[in-house]
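Single-letter residue listing:
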Amino acid sequence: MNNTKRSGFSEFIRKSIVSLKRKPETIAMVVLVIAFLVYSLNLTYISHTTARIQGPGMGLYGFITMLLSMLSFVCFTSSYPRRKKPNYMMIGLMFVMFAIIVFCDIKYKGLITNALTRAENPIAEEDYITKAAKALNAHIIILIIGAALVALRPVYAKMIRGIKTSIAVEDSGNMAAIDIAGDD
């Protein structure tokens, strides 16, 4: 019984590797989904921070980040069409979007820092402001990792293709006894 569980798990791993061989860009997509989730699930903290600090362009930076995060998924899915070469224009557009998102996150963090450390009338650091800054840091890091995975797709695709996933089929040894000629 333990052998059955082990072979079932190993079969799951084998099938996962086979699917990654067919679509290695799935790895980058998973990382980009995680980056999107980190930002969108912390959007409440970011919105409260925007309402509290009311820095110039804070709401716009948050809007641009959210909009381009969603549009980058559209570019990603169009970048790797099924059974065709990658669409390099879409990949380039996606990298431009990533750069704009990182720029907006950095500018937003700068506005938080300025509001907390300004000489006259500094904002008291609230829990949600700290959480928003940490979410922006995590978003930037995960997004850069995702962009690196998109750029390095040809490298790790070759490495994944090198993994042996074939199954050894048992031979009954009686292949000569099978009559396939169909002489009646």
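Residues numbered from 1 in each chain as written. Predicted model: local features only at pLDDT ≥ 70, side-chain atom pairs only at ≥ 80, totals over all residues. Heavy atoms only, no water.

Caption draft 1: Just the overall build of the protein chain, in detail. Counting its secondary structure elements, the protein chain contains seven helices and zero strands. Beginning at the N terminus, the succession of helices and strands in the protein chain can be written as α-α-α-α-α-α-α. Counting every position in the protein chain, which comprises 184 residues, the buried fraction comes to 32%. Once local pairs closer than 6 in sequence are excluded, the contacts in the protein chain between residues at least 24 apart make up 79%. Accessible surface computed for the protein chain: about 12,200 Å², of which carbon and sulfur atoms make up 64%. (Helix = DSSP H or I, 4+ residues; strand = E, 2+ residues; numbered from the N terminus. Buried < 20%, exposed > 50% of the residue type's maximum accessible area, 1.4 Å probe, protein only. Contact = heavy atoms within 4.5 Å. Areas by Shrake-Rupley, 256 points an atom, 1.4 Å probe, with all protein chains shown as cover.)

Caption draft 2: A look at the pattern of salt bridges. Per the counting criterion, the structure on display carries four salt bridges. Across the pair Glu11 and Arg14 runs a salt bridge whose closest N-O atoms are separated by 2.8 Å. Pair noted here: Glu11 and Arg14 are both in helix H1 (residues 2-22), with a separation of three residues, about one helical turn. Take Glu11: its relative accessible area is 26%, and that puts it in the partly exposed class. Put simply, Arg153 and Glu25 hold a salt bridge, and the shortest N to O gap is 2.9 Å. Here Arg153 is found in helix H7 (residues 153-161), whereas its partner Glu25 is found in the loop between H1 and helix H2 (26-41), with 128 residues between them in sequence. A single burial state applies to Arg153 and to Glu25, both of which are buried. (Salt bridge = Lys/Arg side-chain N within 4 Å of Asp/Glu carboxyl O.)

Caption draft 3: Fine view of helix H4 (residues 58-79). Its 22 residues give H4 an end-to-end C-alpha distance of 31 Å, which sits within 8% of 32 Å, the value for a rise of 1.5 Å per residue. Among the residues of H4, those classed as buried are Met58, Tyr61, Gly62, Thr65, Met66, Leu68, Ser69, Ser72, Phe73, Cys75, Phe76 and Ser79. In this structure, the buried residues of H4 make contact with H2, helix H3 (43-53), helix H5 (88-117) and helix H6 (127-151). (Expected span 1.5 Å × (residues − 1).)

Caption draft 4: Quick peek at the packing of H2 against H4. Here H2 crosses H4 at 160°, and the two axes come no closer than 11 Å. It follows that H2 is roughly antiparallel to H4 by the angle criterion. As H2 runs across H4, the sense of the crossing is left-handed. Of the residues in H4, those touching H2 at Ala28, Met29, Leu32, Val33, Phe36, Tyr39 and Ser40 are Gly62, Thr65, Met66, Ser69, Met70, Phe73, Phe76 and Thr77. Looking at the contact of H2 with H4 residue by residue, the classes come out as ten nonpolar, five polar and no charged. (Axes fitted to C-alpha atoms, helices over the stretch in contact; angles between N-to-C directions. Parallel < 35°, antiparallel > 145°, perpendicular 65-115°, else oblique. Left-handed = near helix turned anticlockwise from the far one by under 90°. Nonpolar A, V, L, I, M, F, W, Y, C, P; charged D, E, K, R; others polar.)

By themselves, these are just geometric observations and shouldn't be taken as functional.
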